Amino acid sequence: MSTTIAVPRLGVGAVILNDKNELLLVLRNRDPEKNTWSIPGGKVDPYEQLETSVIREIKEEVNLDVEVKALLCTAETIRPESAEHWVSVIYEVTILSGEARNLEEGGAIGDMRWFSLDALPSNLACFAVPAIEHLQSRNRS
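Residues numbered from 1 in each chain as written. Predicted model: local features only at pLDDT ≥ 70, side-chain atom pairs only at ≥ 80, totals over all residues. Heavy atoms only, no water.

### Details of the sheet that holds strand β7 (residues 109-116)
Selection rule: When DSSP locates at least two bridges between a pair of strands, those strands are taken to pair. We count a stretch as a helix when DSSP gives it H or I for four or more residues in a row; a strand needs E for two or more, and each element gets its number in order from the N terminus.
With respect to topology, 3 strands assemble into an open sheet ordered β3-β2-β7, the strand pairing being antiparallel. Two strands bound the open sheet, and with one partner strand each, they are β3 (37-38) and β7. Taken together, the 2 bridges between strand β2 (residues 22-28) and β3 define a ladder with antiparallel strand orientation. Of the residues in β3, the one forming a bridge with V26 is S38.

This is the structure in structure tokens:
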């Protein structure tokens, strides 16, 4: 009997707010967490700096040129039953240019929408939850 052991993998995500203070979320079309709403992001490539990675991923997924404003939080997804262990570094970013559109349609992203922070979907990806909680608690204070 063989057991698959998860090797921790590194990801990045971005909290992107528009001028109406709405949050950009993408509907995941693939595992992990297929059919959940998530902040955009992806895997860190070998030898790639985290901030470079988040800027690249946002351009590749949703067509926005962004700059990192601040490190917001980290999130961890551990699922032994599916041999998954992800550590995600989540940044708050500012839009420099571009119009948000789904560049992964039919691929990794099924849909993309702007959501009010007080009207978020219930099926959130687990690594999006800490980012949203940090954002909401900061907005309350």
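We are not done yet, so read on.
### Concerning the packing of aromatic side chains
Defined as follows: Aromatic contacts are taken between Phe, Tyr and Trp rings whose centres are within 6.5 Å, Trp giving its six-membered ring; a plane angle under 30 degrees counts as stacked, one over 60 as edge-to-face, and the others as tilted. Partly exposed residues are those whose accessible area sits between 20% and 50% of the maximum for their type, while under 20% is buried and over 50% is exposed, using a 1.4 Å probe and protein chains only.
Scanning the entire structure with this criterion turns up 1 aromatic pair. With centroids separated by 5.1 Å and ring planes inclined at 75 degrees, the aromatic side chains of W37 and F115 adopt a geometry described as edge-to-face. Taken together, the residues span a long stretch of sequence, with W37 in strand β3 and F115 in strand β7 at a distance of 78 residues. As far as the burial class goes, W37 and F115 line up, both buried.

### Digging into unusual backbone geometry
Residues other than glycine predominantly adopt negative phi, and peptide bonds predominantly adopt the trans conformation. A positive phi angle, near 65 degrees, is found at N21, a position not held by glycine. We classify N21 as partly exposed; its relative accessible area is 39%. A positive phi angle, near 50 degrees, is found at A83, a position not held by glycine. The class for A83 is partly exposed, based on a relative accessible area of 27%.

### Some remarks on the sheet that holds strand β1 (residues 9-16)
In plain terms, the rule: For helices, the fitted line uses only the C-alpha atoms of the stretch in contact; every axis is such a line through C-alpha atoms, and the angle between N-to-C directions lies from 0 to 180 degrees. Contact between two residues is taken to exist if any of their heavy atoms lie within 4.5 Å; hydrogens are not considered.
Taken in spatial order, the 4 strands make up an open sheet running β4-β1-β6-β5, and their pairing is mixed. Whereas interior strands pair on both sides, the edge strands pair on one side only; in this sheet they are β4 (41-43) and β5 (65-79). Averaged over neighbouring strand pairs, the angle between their axes works out to 20 degrees when direction is ignored. As defined by bridge partners, β1 adjoins β4 across 3 bridges and the pair is classed as antiparallel. Within β4, the residue paired with G11 across the bridge is K43. Helix α1 (residues 50-62) rests against β1, β4, β5 and β6 (84-97) of the sheet, and its axis sits at about 65 degrees to β1. Contacts from helix α2 (residues 129-140) reach β1, β5 and β6 within the one sheet, and its direction differs from that of β5 by about 125 degrees.

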